[in-house]
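Survey of secondary and tertiary structure
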Amino acid sequence: MTYFERYFERLDGPDPHSSLDLVADDVEFSIQWASGADRRSSQFVGGRAELRGFIDAGDTDGWAHHVVWSGADGDVEFALGETRWDESSERIGTFLAVAQLDGEGRMRRYMVARSPALAFPSTALEASDAGPA
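Quick caveat, the model's predicted, so the values are computed rather than measured.

Right, let's get into the overall build of the chain. The number of helices and strands found in the chain is 3 helices and 6 strands. When the helices and strands of the chain are listed from N to C terminus, the series reads α-β-β-α-β-β-β-β-α. Against the 2.2 N^0.38 benchmark of 14 Å for 133 residues, the chain shows a C-alpha radius of gyration of 14 Å, consistent with a compact globule. In terms of principal-axis extent, the alpha carbons of the chain reach across some 35 × 30 × 30 Å. Scored against the burial criterion, the 133 residues of the chain give a buried share of 36%. Contacts in the chain between residues far apart in sequence, at least 24 positions, make up 48% of those at least 6 positions apart. Counting only carbon and sulfur atoms, one obtains 51% of the accessible surface of the chain, whose full area is about 7600 Å². Here the chain contributes 12 positive and 24 negative side-chain charges, whose respective centroids are spaced 5 Å apart.

Here is the structure:
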């Protein structure tokens, strides 16, 4: 299981704060968030406390992250995925995430962008076994 599969499984699970077990104490992050197809977006930045606050503010009921493709190069991991509704599997948005991991496999640097404005042909990606691990 890739880093992002483990991270999002915890984030979307019954205890979202357990995802912080996979995050280094000195994490720095930037989350670029677009809720619509217009040009407006928000940026959330900070460290561990701000990431906890972002988790606290999130409404994750009824949807989850799905990693469609992932890759790694040394201590850097990438994931292309979708947020989807649980019941219908309908795509809510597309995300691209990258993390630099520390020696213990915890996230030290994290950048993710999410937008509903663009979809990748996920069925073609899933047919290729979700890309390299």
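Having seen the model, we can carry on.
What follows covers the environment of A79. Looking at the secondary structure, you find A79 in strand β4 (residues 76-85). With 12 residues separating them in the primary sequence, A79 and V67 have C-alpha atoms 6.3 Å apart. When sequence neighbours within four positions are dropped, the list of residues in contact with A79 reads F4, V67, W69, S70, F95, L96 and A97.

With that out of the way, let us pick up the packing of aromatic side chains. All told, the structure shown has 8 aromatic pairs when counted by the stated rule. Geometrically, the ring pair formed by Y3 and F4 is edge-to-face, given 5.4 Å between the ring centres and 80 degrees between the ring planes. This pair shows no difference in class: Y3 is buried, exactly as F4 is. In this structure an aromatic cluster arises from ring pairing among Y3, F4, Y7, F8, F95 and Y110. Sitting over the face of the ring of W33, R114 holds its NZ or CZ atom 4.4 Å from the ring centroid.

Where burial is concerned, most of β4 is hidden: 7 out of the 10 residues are buried. Joining the antiparallel neighbours strand β3 (residues 63-73) and β4 is a turn of 2 residues, in which G74 adopts a positive phi near 65 degrees. Sheet topology note: the β4/strand β5 (residues 91-101) ladder contains 9 bridges and is antiparallel. Across the sheet, the residue bridging to V76 is Q100, located in β5. As consecutive antiparallel partners, β4 and β5 are separated by 5 residues, and within that stretch S89 has a phi angle of approximately 65 degrees, a positive value.

Across the sheet, which stays open at both edges, the 6 strands sit in the order β2-β1-β6-β5-β4-β3 with mixed pairing between neighbours. Sheet topology places β2 (42-46) and β3 at the edges, where each strand pairs with a single neighbour. On average, each strand axis in the sheet is tilted by 15 degrees relative to the strand beside it, whichever way the strands run. Of the pairings in the sheet, the one linking β5 to strand β6 (residues 107-115) comprises 8 bridges and is antiparallel in character. In the sheet register, L96 faces β6, and the bridge partner there is A113. Helix-sheet contacts for helix α1 (residues 3-12) involve β1 (23-33), β3, β4, β5 and β6, and the interaxial angle to β3 is about 160 degrees.

Cut-offs and rules
- Residues numbered from 1 in each chain as written.
- Predicted model: local features only at pLDDT ≥ 70, side-chain atom pairs only at ≥ 80, totals over all residues.
- Heavy atoms only, no water.
- Helix = DSSP H or I, 4+ residues; strand = E, 2+ residues; numbered from the N terminus.
- Rg over C-alpha atoms; globule rule 2.2 N^0.38 Å.
- Buried < 20%, exposed > 50% of the residue type's maximum accessible area, 1.4 Å probe, protein only.
- Contact = heavy atoms within 4.5 Å.
- Areas by Shrake-Rupley, 256 points an atom, 1.4 Å probe, with all protein chains shown as cover.
- Lys, Arg positive; Asp, Glu negative; His and termini not counted.
- Charge placed at Lys NZ, Arg CZ, Asp CG, Glu CD.
- Phe/Tyr/Trp six-rings, centres within 6.5 Å; stacked < 30°, edge-to-face > 60°.
- Lys NZ or Arg CZ within 6 Å of the ring centre and 35° of its normal.
- Pairing = 2+ DSSP bridges.
- Axes fitted to C-alpha atoms, helices over the stretch in contact; angles between N-to-C directions.

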